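These are the residues of each chain, in order.
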Amino acid sequence: LEKDINLQISEKLFAIFKTLGIKCEMTRYEDVMLDGGASSHKKMHDLKNRVLASEKYENCVFVSIHQNSYTNHKLRGAQVFYDKTSEISKQIADFIQEEFKQNLDKSIKSTSPGNYFMLKCTYAPSVIVECGFLSNEEDEKLLQTPEYQEKIIDSIYKGIVNFFQIK
């Protein structure tokens, strides 16, 4: 399931940053929604609570890990989305995407602006990292392997570190 792969990748990425002494936080550490017990519109409450969680920290970058899916089952590879109104978010996305191009054989070649709640509503620079297409049989198999997840994690980590080294 997407949620399981997302959490696996997020936990490993979190551990790398913590090991290196880079301050980071996760919006969730287990398979739970951040809906605050809402009885309706759980998904929207979850998204809003993720945004609120990001607002607790100054000078942060918000990275949302996901897996893509599309009706064209031939599409595959990792891609990073950013808010078109944030130049910093675009730069972070470009650095991560460049690492994907170098480390993943079938990575999508460019970043893309996205019209997503998480990108538009966070104050912090934010990106959505789509690690691959679960609708593509090859990507789906790869995304479940620790070796491929490590390539994804390494790409995200290096992209973020490279961004901050330039800044």
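For the structure itself, consult the block above.
Reference entry: report on the structure contained in this document. Keep in mind that this is a model prediction, so the values were computed, not measured.

Each value, and the rule that gives it
Residues numbered from 1 in each chain as written. Predicted model: local features only at pLDDT ≥ 70, side-chain atom pairs only at ≥ 80, totals over all residues. Heavy atoms only, no water. Phe/Tyr/Trp six-rings, centres within 6.5 Å; stacked < 30°, edge-to-face > 60°. Helix = DSSP H or I, 4+ residues; strand = E, 2+ residues; numbered from the N terminus. Buried < 20%, exposed > 50% of the residue type's maximum accessible area, 1.4 Å probe, protein only. Pairing = 2+ DSSP bridges. Contact = heavy atoms within 4.5 Å. Axes fitted to C-alpha atoms, helices over the stretch in contact; angles between N-to-C directions. Expected span 1.5 Å × (residues − 1). Parallel < 35°, antiparallel > 145°, perpendicular 65-115°, else oblique. Left-handed = near helix turned anticlockwise from the far one by under 90°. Nonpolar A, V, L, I, M, F, W, Y, C, P; charged D, E, K, R; others polar.

Another aspect to go through is the packing of aromatic side chains. Applying the stated criterion across every chain, the model contains 4 aromatic pairs. Ring centres 5.6 Å apart and planes at 85° place the aromatic pair Phe-81 and Tyr-116 in the edge-to-face group. Taken together, the residues span a long stretch of sequence, with Phe-81 in strand E2 (residues 79–82) and Tyr-116 in the loop between strand E3 (112–113) and helix H4 (117–120) at a distance of 35 residues. Look at Phe-81 and you get buried, because its relative accessible area is 9%.

With that settled, consider the sheet that holds strand E1 (residues 62–68). If you trace the 4 strands from one edge of the open sheet to the other, you get E1-E4-E2-E3, paired in mixed fashion. Since the sheet does not close on itself, it has two edges, and those belong to E1 and E3, each with one partner. Lying on the sheet, helix H3 (residues 87–103) is in contact with E2 and strand E4 (126–133); it crosses E2 at an angle near 180°.

Bringing helix H6 (residues 146–166) into the picture now. If you check H6, its first and last C-alpha atoms are 30 Å apart, about what 21 residues at 1.5 Å a residue would give, namely 30 Å. Looking at the buried residues of H6, the elements they touch are helix H1 (2–19), E1, H3, E4 and helix H5 (137–143).

One way to put it is that H1 packs onto H6 with a least axis distance of 10 Å and a crossing angle of 50°. Classed by the angle they form, the pair H1 and H6 counts as oblique. Read as a crossing pair, H1 and H6 show a hand that is right-handed. Facing Ile-5, Gln-8, Ile-9, Lys-12, Leu-13, Ile-16 and Phe-17 of H1, the residues of H6 in contact are Pro-146, Gln-149, Glu-150, Ile-152, Ile-153, Ile-156, Tyr-157, Ile-160 and Val-161. Residue composition of the contact of H1 with H6, grouped by class: 12 nonpolar, 2 polar and 2 charged.

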